[in-house]
Protein chains: 2
Amino acid sequence: MIIVADNIRITDQIIADAISQMNPVPIQKMVMECEKAGAQFIDINSGPLSRVPEKQMVFLIDAIQKVSKLPLIVDTANPRAMEAGVRTCKNAPIINGFSLEPSRLEKILPLAREFQTDIIGYLLYPNGHVPPDGDKRLEIALELFEQLKKTGIDEKRLIIDPVIVPLSWQDGKFQAMEVLYVIKHLPDIFGFPIRTIAGLSNLTSGRGHKAQKLIMEKAYLSMLAAAGLSMIMMNVFNRDTIKTVKACNLLVDEKIFAWEEMY
Amino acid sequence: MIIVADNIRITDQIIADAISQMNPVPIQKMVMECEKAGAQFIDINSGPLSRVPEKQMVFLIDAIQKVSKLPLIVDTANPRAMEAGVRTCKNAPIINGFSLEPSRLEKILPLAREFQTDIIGYLLYPNGHVPPDGDKRLEIALELFEQLKKTGIDEKRLIIDPVIVPLSWQDGKFQAMEVLYVIKHLPDIFGFPIRTIAGLSNLTSGRGHKAQKLIMEKAYLSMLAAAGLSMIMMNVFNRDTIKTVKACNLLVDEKIFAWEEMY
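Rules used in this analysis
- All residue numbers refer to positions counted from 1 along the written sequence of the respective chain.
- Each chain is given a letter, starting from A, and each ligand a number, starting from 1, according to the order in which they appear as written.
- Under the rules for a predicted model, residues below a pLDDT of 70 receive no local features and side-chain atom pairs below 80 are neither given nor counted, while totals for whole chains, interfaces and linings still include all residues.
- To obtain the side-chain values, all non-hydrogen atoms of the structure were used and water was disregarded.
- Type-normalised accessible area, obtained with a 1.4 Å probe on protein chains alone, sets the label of each residue: buried when under 20%, exposed when over 50%, and partly exposed for intermediate values.
- Helix and strand definitions here come from DSSP, where helices need a minimum of 4 consecutive H or I residues and strands a minimum of 2 consecutive E residues; each element is numbered from the N-terminal end.
- By the convention used here, strands pair only if DSSP detects at least 2 bridges between them.
- Fitted lines through C-alpha atoms serve as axes, helices being fitted only where they are in contact, and the angles separating the N-to-C directions of these axes extend from 0 to 180 degrees.
- Classification of ring pairs uses Phe, Tyr and Trp, with its six-membered ring standing for Trp, and accepts pairs whose centres are within 6.5 Å; under 30 degrees between planes counts as stacked, over 60 as edge-to-face, and the remaining range as tilted.
- Geometrically, a charge over a ring is one whose NZ (Lys) or CZ (Arg) sits within 6 Å of the ring centre while staying within 35 degrees of the ring normal.
- Least squares is used to superpose the copies, and the fit set is the C-alpha atoms of residues whose pLDDT is at least 70 in both copies.
- Whether two residues are in contact is decided by their heavy atoms, any of which lying within 4.5 Å being enough.
- Nitrogen and oxygen atoms within 3.5 Å of one another constitute a polar contact, given that in protein one can donate a hydrogen and the other can accept it, and given that sequence-neighbouring residues count only through two side-chain atoms.
- Domain borders in the structure are assigned automatically or taken from a domain database.
- Summed over both partners, the accessible area (1.4 Å probe) lost when two parts come together is defined as the buried area.
- Criterion for a salt bridge: a side-chain nitrogen of Lys or Arg within 4 Å of a carboxyl oxygen of Asp or Glu.
- In a helix, the anticipated span is given by 1.5 Å times the number of residues less one.
- Throughout this description, any angle smaller than 35 degrees is read as roughly parallel, any larger than 145 degrees as roughly antiparallel, any in the 65 to 115 degree range as roughly perpendicular, and the remainder as oblique.
- For any helix crossing, the convention is left-handed if the near helix is rotated counterclockwise from the far helix by under a right angle, and right-handed if that rotation is clockwise.
- Any residue outside Ala, Val, Leu, Ile, Met, Phe, Trp, Tyr, Cys, Pro, Asp, Glu, Lys and Arg is labelled polar, Gly included; the first ten of those are nonpolar and the last four are charged.

**Q** What's the story with the pairing of strand E3 (residues 72-75) of chain B in this structure? I'm lost.
**A** Remark: a regular strand shows side chains that alternate across the two faces of the sheet. All names here are of chain B. Neither face of E3 is open: one carries Leu72 and Val74, the other Ile73 and Asp75, and all of them are buried. In the sheet, E3 pairs with strand E4 (residues 94-98) via 3 bridges, with the strands oriented parallel. Counted as the bridge partner of Asp75 is Asn96 from E4.

Now the structure itself:
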């Protein structure tokens with residue numbers, strides 16, 4: 001699994017303050033720490049509620065690109081912020097993302113064609129709701145795929161996010177197992193090893209002890225790895241979770257085993 | 001997964017010394033600690049090399065039964081020690097175990113019929129070698145099943161051990177993934193939810209740092225849980241690994257999620 005830092009997000013108070021003050025330093029410090037912690041991609045989530053979304057996204061990306069060469073994922077539901085962000089990236093980023101929601105289909109998806117980028121597709125209903133099970137998610141994956149092709153985007157550009165939901169939901173555990181099922185079966189359905197991404201922290205959002213949440217996240221992370229997940233979006237400052245990613249990668253890749261690979 | 005302590009084994013120096021001195025106290029202390037740590041079964045491995053196998057096994061089981069009511073797994077390749085051990089158990093233990101090795105088929109397997117016990121069957125070649133892949137293991141599972149039925153033992157008595165091998169073997173990683181495949185597919189092949197057991201510590205036996213081994217074991221443990229493993233044989237004194245078992249159980253069982261279940 002490729003490690004994607006989800007740390008640069010508007011819901012982090014440090015990031016929120018830095019954006020509102022247009023101060024790049026705290027953002028740059030955090031990005032350098034993410035890279036040091038093992039991040040291989042940086043997801044940049046500027047939030048949906050901003051009054052000046054383009055300006056904020058451009059500020060964030062400019063700040064980050066001054067200190068890191070890591071590839072970026074531009075994460076916003078705002079099409080203007082997305083376009084401004086993608087234009088600001090020195091190298092083609094990943095667009096995060098689209099779904100069957102009409103606004104995303106119409107305004108986000110075409111940007112992947114225009115800028116020749118990869119794009120993340122969420123397995124959600126057109127109204128943004130989470131499907132009840134894995135089979136429904138697989139159907140939606142095929143619909144996303146059709147939309148992608150209809151828009152004239154190369155099929156290899158698609159990265160599927162099966163959408164992890166909180167365990168605290170009434171059907172949270174069932175959904176967690178269904179997500180594994182989806183990751184396992186997507187390559188068969190598509191007929192090629194389509195890439196997948198998932199946001200780990202969503203699993204344990206809500207109440208609960210931090211220590212328990214971390215144990216649970218690591219357990220589920222290993223299950224995601226065994227199912228074949230390509231990219232894991234996570235808080236890269238959870239050191240033990242990073243170690244678990246490395247252990248999982250060591251288990252599931254095809255090289256001969258060597259403990260040295262864990263570093 | 002049900003937690004089986006593998007701690008009571010002749011290769012542990014404390015146990016070896018206690019047996020050679022016929023001193024039950026260190027064994028009883030360890031068993032009580034195992035129970036406190038979360039063990040739900042105790043595997044009793046008296047070793048194959050003893051000059052007085054029956055006496056040692058009876059001594060071990062007697063000692064343990066004085067301090068614990070946990071169900072026992074009698075683990076020896078010596079048929080006389082097995083028979084003496086099973087007779088000594090107050091409640092029917094699990095016999096561990098048989099394989100296609102002629103000596104085990106002829107002398108261990110019939111004990112499960114005689115004493116009406118469950119029995120563990122190893123997916124190994126008749127010469128004791130490990131099969132090269134999962135499909136070969138599944139074939140062997142069916143052969144074990146045939147032997148079991150031929151011996152007049154109820155099919156529900158069988159517990160399959162797919163045999164985890166060290167990652168340090170040349171094909172160790174491949175084998176680790178094949179074991180997951182086997183656990184996943186056994187119920188389809190048998191047509192009922194046949195139970196499975198696996199020895200976790202074997203994964204990381206050999207050289208390597210303790211901390212890395214524990215991370216690797218936990219990662220693989222979660223994969224075993226997702227594959228559907230019924231019983232995990234492990235060092236129950238690894239507290240974090242026990243916590244991982246509980247997190248996995250919480251994920252894969254069918255109850256509504258509650259953090260409280262992790263205790």
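After that view of the structure, there is still more to cover.
**Q** What should I look at first to understand the sheet that holds strand E4 (residues 94-98) of chain A in this one?
**A** Residue and element names in this part refer to chain A. If you trace the 8 strands once around the closed barrel, you get E1-E2-E3-E4-E5-E6-E7-E8, paired in parallel fashion. Strand-to-strand twist of the sheet, defined as the mean angle between neighbouring strand axes without regard to direction, takes the value 25 degrees. One ladder, built from 4 bridges, connects strand E5 (residues 118-122) with strand E6 (residues 158-161); its direction is parallel. Across the sheet, the residue bridging to Gly121 is Ile160, located in E6.

**Q** Even after reading the chapter, I still don't get the packing of aromatic side chains, so can you show me in this structure?
**A** The way to describe two aromatic rings as a pair is by their centre distance and the angle between their planes. Within the structure shown, the criterion is met by 6 aromatic pairs over all chains. Pairing Phe145(B) with Phe190(B) gives two aromatic rings, centres 4.7 Å apart and planes at 75 degrees, and the pair type is edge-to-face. With a gap of 45 residues between them, Phe145(B) in helix H7 (residues 134-150) and Phe190(B) in helix H8 (residues 172-190) connect regions that are remote in the sequence. Phe190(B) sits in the buried class, given a relative accessible area of 10%. By the ring-pair criterion, three or more aromatic residues cluster together here, those being Phe145(A), Phe190(A) and Phe192(A). Here the basic side chain of Lys156(A) rests over the ring of Phe192(A), its NZ or CZ set 5.2 Å away from the ring centre.

**Q** How should I be thinking about the relation of the copies chain A and chain B in this particular structure?
**A** One copy of the chain maps onto the other through a rotation about an axis followed by a shift along the same axis. If you rotate chain A by 180 degrees and push it 0.0 Å along the axis, it lands on chain B with an RMSD of 0.0 Å. With respect to symmetry, the two chain copies, as superposed, fit the operation of a two-fold axis. Closest to the rotation axis within chain A is the C-alpha of Met223(A), separated from it by 2.5 Å. Comparing contact sets, 100% of the residues at the interface of chain A also lie at the interface in chain B, consistent with an isologous, same-surface contact.

**Q** Even after reading the chapter, I still don't get the side chain of Ser68(B), so can you show me in this structure?
**A** Residue and element names in this part refer to chain B. Position of Ser68 relative to the elements: it lies in the loop between helix H3 (53-65) and E3. According to the relative accessible area criterion, Ser68 is buried, its value standing at 8%. Here Glu35 takes part through its side chain, which lies 2.8 Å from a polar atom of the side chain of Ser68. Looking at Ser68, its side chain comes within polar contact range of the main-chain nitrogen of Leu70, at 3.0 Å.

**Q** Looking at this structure, how should I read the domain arrangement of chain A?
**A** All names here are of chain A. You can read the domains of chain A as domain 1 (1-91) and domain 2 (129-263). Across the contact, 16 residues belong to domain 1 and 17 residues belong to domain 2. Between domain 1 and domain 2, the buried area comes to about 1,400 Å², and carbon and sulfur atoms account for 67% of it. Viewed at the interface, domain 2 and domain 1 are joined by 0 salt bridges. Viewed at the interface, domain 2 and domain 1 are joined by 10 residue pairs in polar contact (both at pLDDT 80 or more). When contributions to the side of domain 1 that touches domain 2 are tallied by element, the ones reaching two or more residues are strand E1 (2-9), helix H2 (24-37) and strand E2 (41-45). Here the side of domain 1 that touches domain 2 gets 7 residues from one element, more than from any other, and that element is E1.

**Q** Would you mind showing me how to read helix H10 (residues 239-252) of chain A here?
**A** One full turn of an α-helix is made of 3.6 residues, so residues set three or four places apart face in the same direction. For H10(A), built from 14 residues, the straight-helix expectation of 20 Å at 1.5 Å per residue is met to within 8% by its first-to-last C-alpha distance of 20 Å. Buried within H10(A) we find Thr241(A), Ile242(A), Thr244(A), Val245(A), Ala247(A), Cys248(A), Leu250(A) and Leu251(A). On its buried face, H10(A) is in contact with E1, H2, helix H9 (210-227) and strand E8 (231-234) of chain A together with H8 and helix H9 (210-227) of chain B.

**Q** Please clarify how the pattern of salt bridges should be interpreted in this entry.
**A** A side chain of one charge can pair with a side chain of the opposite charge when the charged atoms of the two come close. Residues and elements named next belong to chain A. By the definition in use, this model includes 20 salt bridges over all chains. Taking the shortest distance from any N to any O, the salt bridge between Glu114 and Arg87 comes out at 3.7 Å. Placement of Glu114 in helix H6 (residues 109-114) and of Arg87 in helix H4 (residues 79-88) is noted, with a sequence separation of 27 residues between them. Look at Glu114 and you get partly exposed, because its relative accessible area is 46%. Each of the salt bridges in this network shares a partner with another, and the network as a whole consists of Glu83, Arg87 and Glu114.

**Q** Sorry if this is basic, but what is going on with the packing of H9(B) against helix H10 (residues 239-252) of chain B here?
**A** Two quantities define a packed helix pair, namely the angle between the helix axes and the distance between the axes. Residue and element names in this part refer to chain B. The geometry of H9 relative to H10 is characterised by a closest axis approach of 10 Å and an angle of 20 degrees between their N-to-C directions. In terms of their interaxial angle, H9 and H10 are classed as roughly parallel. The hand of the H9/H10 crossing is right-handed. Between H9 and H10, the contacting residues are Leu214, Lys218, Leu221, Ser222, Ala225 and Ala226 on the first element and Asp240, Thr241, Thr244, Val245, Cys248 and Val252 on the second. Its residues placed into classes, the contact of H9 with H10 shows 7 nonpolar, 3 polar and 2 charged.

**Q** Please clarify how unusual backbone geometry should be interpreted in this entry.
**A** Keep in mind that most residues, glycine aside, have a negative phi and that most peptide bonds are trans. The linkage connecting Asn96(A) with the following residue, Gly97(A), adopts the cis geometry, with an omega of 0 degrees. Mapped onto the elements of the fold, Gly97(A) is located in strand E4. Despite not being glycine, Met22(B) shows a phi value in the positive range, around 50 degrees. Within the element layout of this structure, Met22(B) appears in the loop between helix H1 (13-20) and helix H2 (24-37). Of the residues examined, Met22(B) reaches a relative accessible area of 34% and is grouped as partly exposed. Positive phi values are uncommon outside glycine, yet Gln116(B) reaches one of about 55 degrees. Looking at the secondary structure, you find Gln116(B) in the loop between helix H6 (109-114) and strand E5 (118-122).

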